[in-house]
Amino acid sequence: NFWDKLETIDDDAFKDCIFDKFVLPNTLEIIGKSSFAECKNLHNIEIPITVYSIGEGAFSSSSLITINLPRKLKKISKYTFYWCSLLSEIKIPKNVEVIEDYAFYNCDSLKELIIPENVKSIGNNADDYFYNREHYKNYSTNYINTENNYEKYWKNQEIDKNIYSVEPAVTGEA
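This write-up is about the structure you can find in this document. Fair warning: this is a prediction, and the values are worked out from it, not measured in the lab. (Residues numbered from 1 in each chain as written. Predicted model: local features only at pLDDT ≥ 70, side-chain atom pairs only at ≥ 80, totals over all residues. Heavy atoms only, no water.)

**Considering the environment of V23**
Of note, V23 is situated in strand β2 (residues 21-23). The spatial distance from the C-alpha of V23 to the C-alpha of I45 is 5.9 Å, given a sequence separation of 22 residues. Look past the residues within four positions of V23 in its chain and what remains in contact with it is W3 and E46. (Helix = DSSP H or I, 4+ residues; strand = E, 2+ residues; numbered from the N terminus. Contact = heavy atoms within 4.5 Å.)

Right under this line is the structure:
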């Protein structure tokens, strides 16, 4: 059975699928770009711990409600959860170091976002990831935002900076 030996899901492989749940094989390592994008019925997907790469826009505009990301993941790619308006729960693994542009853009149902301490870079429009979240915790002291929107974020939120710190990293630029 090829499914039991599958290591890569190609780009756009299940784009616009009609499934409401998807269980991926334990041999899987790579999920390609837009592979589950625009799956309007997809509420749940089980990603095995063997996955270490999820491509850009992999779940964009899908109807995911919750998702558990695998421990081996080091990067949340651009547009991964773009317009996942029903996504209400996500746990970012401790090994993630990079959250790219628009990764959580318009995830309106997301109520809590905890950024692990290993995150070194958060891409453009970070305020769209976190704006109006009930609970936001950033344990990273290496925060980088290429548009420097962190000041805008703090002006719009009532969060104790001593508890939830978001600090710009030293980039070495003079």
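And the narrative resumes.
**Quick look at the packing of aromatic side chains**
Tallying each qualifying case throughout the model produces 16 aromatic pairs. Both rings, one in F36 and one in F59, keep their centres 5.7 Å apart while their planes meet at 15°; by these two values the pair is stacked. Residue F36 is found in the loop between β3 (30-31) and β4 (44-46), and its partner F59 is found in the loop between β5 (53-54) and β6 (66-68); the two are separated by 23 residues along the sequence. According to the relative accessible area criterion, F59 is buried, its value standing at 0%. Each ring, one from Y82 and one from W83, has its centre 6.4 Å from the other, and the planes form 75°; the classification is edge-to-face. Judged by its relative accessible area of 24%, Y82 falls in the partly exposed class. Using a relative accessible area of 41% as the deciding quantity, one classes W83 as partly exposed. Members of the aromatic cluster, joined through ring pairs, are F2, W3, F14, F19, F22, F36, F59, F81 and F104. (Phe/Tyr/Trp six-rings, centres within 6.5 Å; stacked < 30°, edge-to-face > 60°. Buried < 20%, exposed > 50% of the residue type's maximum accessible area, 1.4 Å probe, protein only.)

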